[in-house]
Amino acid sequence: MYIFFLLLSFSDAISKPLIFDTSSGNNRRQLNITDLAATMSKQLRDAIISLHAFTGCDSTSCFAGKDKLKALKMLQGDQDHQDTFSRIGTLETISGQDMQLI
Ligand SMILES: *[C@@H]1O[C@H](CO)[C@@H](O)[C@H](O)[C@H]1NC(C)=O
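For the structure given in this document, a descriptive report is provided here. (Residues numbered from 1 in each chain as written. Predicted model: local features only at pLDDT ≥ 70, side-chain atom pairs only at ≥ 80, totals over all residues. Heavy atoms only, no water.)

## Examining the overall build of the protein
Alright, step 1. Along the protein, the regular secondary structure elements total six helices and four strands.
Alright, step 2. The secondary structure elements of the protein, listed N-terminal to C-terminal, are α-β-β-α-α-β-β-α-α-α.
Alright, step 3. Residues counted as buried form 28% of the 102 residues belonging to the protein.
Alright, step 4. A fraction of 45% describes how many contacts in the protein between residues 6 or more apart in sequence connect residues 24 or more apart.
Alright, step 5. Only carbon and sulfur atoms are counted for the fraction: they give 55% of the accessible area of the protein, which is about 6900 Å². (Helix = DSSP H or I, 4+ residues; strand = E, 2+ residues; numbered from the N terminus. Buried < 20%, exposed > 50% of the residue type's maximum accessible area, 1.4 Å probe, protein only. Contact = heavy atoms within 4.5 Å. Areas by Shrake-Rupley, 256 points an atom, 1.4 Å probe, with all protein chains shown as cover.)

## Some thoughts on the site of the ligand
Alright, step 1. Around the ligand, the structure places Ile19, Asn32, Thr34 and Asp35.
Alright, step 2. Within the side chain of aspartate 35, one N or O atom sits 2.4 Å away from an oxygen atom of the ligand.
Alright, step 3. In terms of residue class, the shell around the ligand is made up of one nonpolar, two polar and one charged. (Near = heavy atom within 4 Å. Polar contact = N/O pair within 3.5 Å; in protein donor to acceptor, adjacent residues only side chain to side chain. Nonpolar A, V, L, I, M, F, W, Y, C, P; charged D, E, K, R; others polar.)

## Concerning the pairing of strand E1 (residues 19-24)
Where a strand is regular, its side chains alternate between the two sheet faces.
Alright, step 1. In the sheet, E1 pairs with strand E2 (residues 27-32) via six bridges, with the strands oriented antiparallel. Note that in E2 the partner of serine 24 across the bridge is asparagine 27.
Alright, step 2. The turn linking E1 back onto E2 is made up of two residues, and glycine 25 within it adopts a positive phi angle of 65 degrees. (Pairing = 2+ DSSP bridges.)

## Section: the packing of aromatic side chains
Alright, step 1. In total, this model carries two aromatic pairs according to the counting rule given.
Alright, step 2. Aromatic pair phenylalanine 4 and phenylalanine 5: ring centres 5.5 Å apart, planes at 65 degrees, arrangement edge-to-face. Neither phenylalanine 4 nor phenylalanine 5 differs from the other in exposure class; each is buried.
Alright, step 3. Positioned above the aromatic ring of phenylalanine 10, the side-chain terminus of lysine 42 is 5.6 Å from the ring centre. (Phe/Tyr/Trp six-rings, centres within 6.5 Å; stacked < 30°, edge-to-face > 60°. Lys NZ or Arg CZ within 6 Å of the ring centre and 35° of its normal.)

Keep in mind these values describe shape, not function.
Next up, the structure:
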């Protein structure tokens, strides 16, 4: 999952079409990262990486009883949280104020 978020965030820097080939059991899917990235702002794509780290590693599908999809939907509709999560992804330490915001 982390690779998926990295591809989304850095898709601008890669001038070739990006396809993410994923499977679970017999279910194989190809996601067009280039297409998907075009539907999101750069800030949202950067914020998603921080949100993914904040809500736990790949083997954790939920955080505090809320699934990651719910967290992602919240992020899409909330400019303040997009600002905060995209900012903390660029910092070595998180300020007390940002800790409170997240
Ligand atoms: C993925 O999306 C890009 C941009 O819309 C498009 O050029 C490309 O053909 C698509 N690739 C596939 C395999 O669908």
